[in-house]
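Take a look at the letters that make up each chain.
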Amino acid sequence: MSNTTCASGTIASGTYNNLTVTGVCTIPDGANVTVRGHLTLAAGSELKAVTASTVMIRGNVLVGPGAKLGLGCSEALTLPAFPGGPTICPNGVSHDQVKGSIVANQPLTLLLDGLTIHGNLVSVGGGVPVPGDNPGCEEMGGALNFPVKDNVIHGNVHISGWQGCWFGFIRNVQHGTTSLMSIDTSSSDSNEIVTNTIHGSLVCLGNSPAPQVGDSHGEANMVTGHRIGQCASL
């Protein structure tokens, strides 16, 4: 089975050896996609898979500089995020798995919602600086947000150096240490780190604003290891 490159358009149901995205590609609702090897997002590319699809990546997901990865639809996304707001996944939930790790080098952003990640989640740098305190930035058209919600992660999480409108780490179940460092966002409501179950330590250093509950109405994190830095009270 040969390697496949998607430069634009739709990725059809099927089994691929290694899959590389070089442009803007979509996995549509109802698709069933298996990648036996690695999924690679080239610099500046985008994969739109926040859809009611089934995606299985048996290797790693590698995200290049300026690329945007959207993967997964949890039950929460089948409901409006706020009264009168849009429903992101009106056609149901996804069943997406990454057997390896997700590793991102200076991505534009990651949108991860309802995945099972058997390895680690690592993202270093990336995003775009958004100057000033703009509490409504996250709800503007084209807002640069980095949500990590409703995932099961069997490895460690390390996210550092990202810049944008809003970042959140919410309702995840994780079997390792979570390190969130030097995340700089313009919304004073950002860096919501709540309602997670972490079977390891939670380390938060150098984030602006400091990690908080915000308007998420979330609950305290359950952490079996140490709480270090800005997340000590969360």
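Refer to the preceding data block for the structure.
As the structure is a prediction and not an experimental result, all values here were calculated from the model.

(A) Structural context of the environment of Gly 206. Within the secondary structure, Gly 206 is located in the loop between β25 (202–205) and β26 (222–223). In sequence terms Gly 206 and Met 56 are 150 residues apart; their C-alpha atoms lie 35 Å from each other. When near neighbours in sequence (up to four residues on either side) are disregarded, Gly 206 contacts Ser 182, Ile 183 and Gln 230.

(B) Quick look at the packing of aromatic side chains. One pass over the full model with this rule turns up 2 aromatic pairs. Each ring, one from Phe 146 and one from Phe 167, has its centre 5.3 Å from the other, and the planes form 65°; the classification is edge-to-face. Linking Phe 146 in strand β15 (residues 145–149) with Phe 167 in strand β19 (residues 166–170), this pair joins segments that are 21 residues apart in sequence. An aromatic cluster is present here, built from Phe 146, Trp 162 and Phe 167 joined pairwise through their rings.

(C) Summary view of the pairing of β25. Pairing geometry for strand β21 (residues 178–181) and β25, over 4 bridges, is parallel. Bridging from a neighbouring strand, Thr 178 pairs with Leu 202 of β25. Bridging between β25 and strand β27 (residues 227–229) involves 3 bridges; their strand directions are parallel. When the bridges of β27 are listed, Cys 204 appears paired with Gly 229.

Reading the values: rules and limits
- Residues numbered from 1 in each chain as written.
- Predicted model: local features only at pLDDT ≥ 70, side-chain atom pairs only at ≥ 80, totals over all residues.
- Heavy atoms only, no water.
- Helix = DSSP H or I, 4+ residues; strand = E, 2+ residues; numbered from the N terminus.
- Contact = heavy atoms within 4.5 Å.
- Phe/Tyr/Trp six-rings, centres within 6.5 Å; stacked < 30°, edge-to-face > 60°.
- Pairing = 2+ DSSP bridges.

Without other data, these values stay purely geometric and don't point to any function.
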